[in-house]
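Chain and residue survey
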Amino acid sequence: MQTTLSQPHIFDGIGLHSGKPAQLRICPALENHGIWFIRTDMQIGDNAIPARWDRVEQSSLCTKLTNEAGISVSTVEHVLAALSGCGVHNARIEINGPEVPILDGSAIPFVLSILEQGLEYFDTPLTALRVLREVKFGTDQGWAKLVPSDVPMMSFHINFDAAAIGIQDKTLNMSNGSFVRELCNSRTFCRNSDVDAMRANGLALGGSLENAVVVDGSDVLTPGGLRHSDEAVRHKMLDALGDLTLAGAPILGHYIGHRAGHAITNGLLHKLFTSPGAVELVVCDDNLAEILPGVGATLEECVKVA
């Protein structure tokens, strides 16, 4: 069955890259609505932006969506990961600025709020995207691919020269509450040496040790240290789930990312939907619906990692 939120959820904060304050309201929506962002600060023209793979505009270090009128919203990946990881299929996301607030740098504030209030269920059948054959997309930075799998899987490999991160690998079955238990509290991260360069280019203006893991060689500068020894690769998986949500339906397949970022995952979705015979839309029966991300996720699981 399709789902939506039981009531609106409100979040106040600043954008990681813009440094501008914003309020986000995640609101219930009807069945078959999908996920849309609404720029409430735009009073004239088309202020609705679909959360869809073909509305992604290339940007640095985040995912930015732009509608046909040129209205955009950026850094959408964490809230989208939270919705997908909690099994939410329909939502209207109202925002009064150009960037989603970063909050603590992870998805857990969204997840806690969603699970605390619960979901509303529709009788309308849920559809999923079944990967039928391998599709791969890469650049000189890395690559990602989707391969057939009976359950939703994700694998990720990263390799950073900072000793506090280094080489990390992780594979997860993304069924049920796996996102809530394993990924949702993992924060965005960067090297201290990158901070000045990002700010010189107008990025990370709202970044701080309160909303990102900052490392310097083998040292973690963020107070309290890491939430997981492999928090960095977990966060990359969180980002990937958010970016894959732009497919418009849960993906039944195995996503494998090798030093992949937002642009690579979006390029993979373009490849998936333009490759004949690579994917099919299936109506979920009870057995299939039970193994999709978010199904059965509980607040108790989330509180344990909060």
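Bear in mind the structure is a predicted one, so any value in this text is a computation, not a measurement. (Residues numbered from 1 in each chain as written. Predicted model: local features only at pLDDT ≥ 70, side-chain atom pairs only at ≥ 80, totals over all residues. Heavy atoms only, no water.)

Further remarks concern the overall build of the chain. Each helix and strand counted, the chain has eight helices and 21 strands in total. Expected size for 306 residues packed as a compact globule is a radius of gyration near 19 Å; at 18 Å, the chain falls within 12% of this value. Dimensions along the principal axes, computed over C-alpha positions, put the chain at roughly 50 × 45 × 40 Å. Per-residue burial for the chain yields a buried fraction of 56% across its 306 residues. (Helix = DSSP H or I, 4+ residues; strand = E, 2+ residues; numbered from the N terminus. Rg over C-alpha atoms; globule rule 2.2 N^0.38 Å. Buried < 20%, exposed > 50% of the residue type's maximum accessible area, 1.4 Å probe, protein only.)

Right, let's talk about the side chain of Ser-175 for a bit. When you line up the elements, Ser-175 lands in the loop between strand E15 (167-173) and helix H3 (178-182). Here Ser-175 is in contact with Val-151, Pro-152, Ile-291, Leu-292 and Pro-293, once residues within four sequence places are set aside. (Contact = heavy atoms within 4.5 Å.)

Moving on: the packing of aromatic side chains. If you walk through the whole model with that rule in mind, you get four aromatic pairs. For the ring pair Trp-53 and Phe-273, a centre distance of 5.0 Å and an interplane angle of 20° mean the geometry is stacked. With a gap of 220 residues between them, Trp-53 in the loop between strand E5 (48-50) and strand E6 (56-57) and Phe-273 in helix H6 (residues 262-274) connect regions that are remote in the sequence. Owing to a relative accessible area of 16%, Trp-53 belongs among the buried residues under this scheme. The ring centre of Trp-143 lies 4.4 Å from the NZ or CZ of Lys-136, which sits over that ring. (Phe/Tyr/Trp six-rings, centres within 6.5 Å; stacked < 30°, edge-to-face > 60°. Lys NZ or Arg CZ within 6 Å of the ring centre and 35° of its normal.)

Of all hydrophobic cores here, the largest spans 73 residues; its most connected members are Ile-26, Phe-37, Val-111, Phe-179 and Tyr-255. Take this core: its biggest share by element is seven residues, from helix H5 (residues 231-244). Not counting residues up to four positions away in its chain, the partners in contact with Val-111 are Ala-82, Cys-86, Phe-179, Val-180, Cys-184 and Cys-302. If you look at the next biggest cluster of nonpolar residues, it comprises eight residues, including Leu-252, Val-282, Cys-284 and Ala-289. (Core = buried A, V, L, I, M, F, W, Y, C linked by side-chain atoms within 4.5 Å.)

In terms of residue burial, strand E4 (residues 35-39) counts as a mostly covered element, since four of its five residues are buried. Where E4 meets strand E9 (residues 91-95), five bridges bridge the pair, whose relative direction is parallel. If you follow Ile-35 over to E9, its bridge partner there is Ala-91. Where E4 lies against E5, three bridges are found, and the strand directions are antiparallel. Each residue of the ladder has a partner; that of Trp-36, found in E5, is Pro-50. (Pairing = 2+ DSSP bridges.)

Across the nine residues that make up helix H1 (residues 77-85), a large majority, nine, are buried. Directly beyond the C-terminal end of H1, a positive phi value near 75° is found at Gly-87.

All right, on to the sheet that holds strand E17 (residues 213-216) then. The strand order across the open sheet built from three strands is E16-E17-E18, with neighbouring strands paired in mixed fashion. Looking along the sheet, the strands with just one partner apiece sit at the ends: strand E16 (189-191) and strand E18 (219-220). Inspection of the sheet shows E17 paired to E18 by two bridges, in the antiparallel sense. Following the sheet pairing, Val-215 is matched in E18 by Val-220. Helix H4 (residues 192-200) rests against E16 and E17 of the sheet, and its axis sits at about 95° to E16. (Axes fitted to C-alpha atoms, helices over the stretch in contact; angles between N-to-C directions.)

Summed over the entire model, instances satisfying the criterion amount to 14 salt bridges. Two residues, Glu-57 and Lys-64, come together in a salt bridge whose shortest N-O distance is 3.5 Å. A salt bridge links Asp-230 to Arg-234, with the shortest nitrogen-to-oxygen separation between them at 2.6 Å. This pair shows no difference in class: Asp-230 is buried, exactly as Arg-234 is. (Salt bridge = Lys/Arg side-chain N within 4 Å of Asp/Glu carboxyl O.)

Where H5 contacts H6, the axes come no closer than 10 Å and their chain directions differ by 35°. Here the hand of the crossing between H5 and H6 comes out right-handed. Every residue of H6 that contacts H5 at Asp-239, Ala-240, Asp-243 and Leu-244 is listed here: His-262, Thr-265 and Leu-269. Across the contact of H5 with H6, the residue classes tally to three nonpolar, two polar and two charged. (Left-handed = near helix turned anticlockwise from the far one by under 90°. Nonpolar A, V, L, I, M, F, W, Y, C, P; charged D, E, K, R; others polar.)

Turning our attention to the pairing of E17. Bridging between E16 and E17 involves three bridges; their strand directions are parallel. In the sheet register, Cys-190 faces E17, and the bridge partner there is Val-214. For the handedness criterion, the β-α-β arrangement of E16, H4 and E17 is classed as right-handed. A loop of two residues connects E17 with E18, the two strands running antiparallel in sequence, and Gly-217 in this loop sits at a positive phi of about 65°. (Right-handed = clockwise from strand over helix to strand, strands pointing away.)

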